[in-house]
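The lines below spell out each chain.
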Amino acid sequence: MEKSLPVAPHSLALVLSQVRGEDEVHSRLPAPTSSSSPPRPCVLHHSGYEVFADFKSVNMRHFWNKALTHALSEVFFLGWIDEHVLLIQGGEVHLQVLRNGWTRRTLQPPRGFGIQCIGASVRVNAITLHRWSLRHSR
């Protein structure tokens, strides 16, 4: 029996899914009418680091949540798996702030993506990620 091996201690995995412009999770605009402009196209990122930078940029706008903005300034890009899993590394305190933001639904996805779930830790067992936190129901 193979054991799971820790890949990156003090890391967090965000499982993302691409969404179309009109379906963006963080977009709070009303549905377009016949007289309004067409929906925005899906944002195309060229690398995982660009997705991470956009994730930080979108969430740094929470100026009223100093804990979240501070945590975002202290975490860094670790990796990008299969074009939908963003790996973030940082201190456990900062990662817990991000988890809390997810639980409270204040953590926003990068443009063009939705957050499906957040991994509590990253472990590899035949390239399988384990220990995911709860998923938000729609």
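Just so you know, these numbers come straight off a predicted model, no measurement behind them.

(A) Main features of the nonpolar core. Formed by 20 residues in total, the largest nonpolar core has its most connected members in Leu14, Phe55, Leu86, Ile88, Leu98, Leu107 and Ile115. Every element with two or more residues in this core is listed here: β2 (11-18), α1 (48-59), α2 (66-74), β4 (85-89), α3 (92-103) and β5 (113-119). In terms of residue count, the dominant contributor to this core is α3 (four residues). Beyond its immediate sequence surroundings of up to four residues, Leu86 is in contact with Leu12, Ala13, Leu14, Leu16, Gly48, Val51, Phe52, Phe55, Phe77, Gly79 and Trp80. Core analysis: the next-biggest nonpolar cluster, separate from the first, contains five residues, Ala13, Val15, Val85 and Leu87 among them.

(B) Looking closely at the packing of aromatic side chains. For the coordinates displayed, the defined rule picks out four aromatic pairs. Here the aromatic rings of Tyr49 and Phe77 are separated by 5.6 Å at their centres, their planes lie at 90°, and the arrangement is edge-to-face. With Tyr49 in helix α1 and Phe77 in strand β3 (residues 76-81), this residue pair connects regions lying 28 residues apart in the sequence. Looking at Phe77, the relative accessible area reads 24%, which means it is partly exposed.

(C) Quick peek at the sheet that holds β5. Across the sheet, which stays open at both edges, the four strands sit in the order β3-β4-β2-β5 with antiparallel pairing between neighbours. Among the strands making up the open sheet, the edge pair consists of β3 and β5. Mean inter-strand twist for the sheet, computed between neighbouring axes without regard to direction, equals 25°. Bridge count for β2 against β5 is six bridges, and the pairing is antiparallel. Of the residues in β5, the one forming a bridge with Ala13 is Gly119. Along the sheet face, α3 touches β2, β4 and β5 and points at about 35° away from the line of β2.

(D) Main features of the pairing of β2. Among the eight residues that make up β2, six are buried, leaving the element largely enclosed by the rest of the structure. Relative to β4, β2 is paired through five bridges, and the arrangement is antiparallel. Note on β4: the bridge partner recorded for Leu12 is Ile88.

(E) Molecular detail of the pairing of β3. The pairing of β3 with β4 spans five bridges and is antiparallel. Paired with Ile81 across the strands is Val85, a residue of β4. Between the antiparallel neighbours β3 and β4 lie three residues, among them Asp82 with a positive phi of about 55°.

(F) Highlighting the packing of α2 against α3. Running from N to C, α2 and α3 cross one another at 130°; their axes reach a closest spacing of 9 Å. Classified by the interaxial angle, the pair formed by α2 and α3 is oblique. For the pair α2 and α3, the sense of crossing is left-handed. Contacts between α2 and α3 involve Ala67, Leu68, His70, Ala71, Leu72 and Glu74 on the former and, on the latter, His94, Val97 and Leu98. Residues belonging to the contact of α2 with α3 are distributed by class as follows: six nonpolar, two polar and one charged.

Conventions adopted
Residue numbers run consecutively from 1 along every chain, following the written order of its sequence. With pLDDT at 70 or above as the cut-off, local features in this predicted model cover only qualifying residues; side-chain atom pairs require 80 or more to be listed or tallied, and sums for whole chains, interfaces and linings still use all residues. The side-chain numbers reported here are obtained from all heavy atoms of the structure, hydrogens and water having been left aside. Think of a nonpolar core as a cluster: buried Ala, Val, Leu, Ile, Met, Phe, Trp, Tyr and Cys residues, connected wherever their side-chain atoms sit within 4.5 Å. For every residue, the accessible area obtained with a 1.4 Å probe (protein chains only) is divided by the maximum for its type, and the residue is called buried under 20%, exposed over 50%, and partly exposed between those limits. The numbering of helices and of strands both runs from the N terminus, where a helix is a DSSP run of H or I of at least 4 residues and a strand a run of E of at least 2. Residue contacts follow a heavy-atom distance rule, with two residues in contact if any of their heavy atoms lie within 4.5 Å. Between 30 and 60 degrees the pair is tilted, below 30 it is stacked and above 60 it is edge-to-face, where a pair is any two Phe, Tyr or Trp rings, Trp via its six-membered ring, whose centres lie within 6.5 Å. When DSSP finds two or more bridges between a pair of strands, those strands are recorded as paired. Each axis is a line fitted through C-alpha atoms, taken for helices only over the stretch in contact, and angles between the N-to-C directions span 0 to 180 degrees. Each angle gets one of four labels, with under 35 degrees taken as roughly parallel, over 145 as roughly antiparallel, 65 to 115 as roughly perpendicular, and the rest as oblique. Crossings are assigned a handedness: left-handed for a near helix turned anticlockwise from the far helix by less than a right angle, right-handed for a clockwise turn. The residue classification treats Ala, Val, Leu, Ile, Met, Phe, Trp, Tyr, Cys and Pro as nonpolar and Asp, Glu, Lys and Arg as charged. All others, Gly included, are polar.

That is the geometry; function is a separate question.
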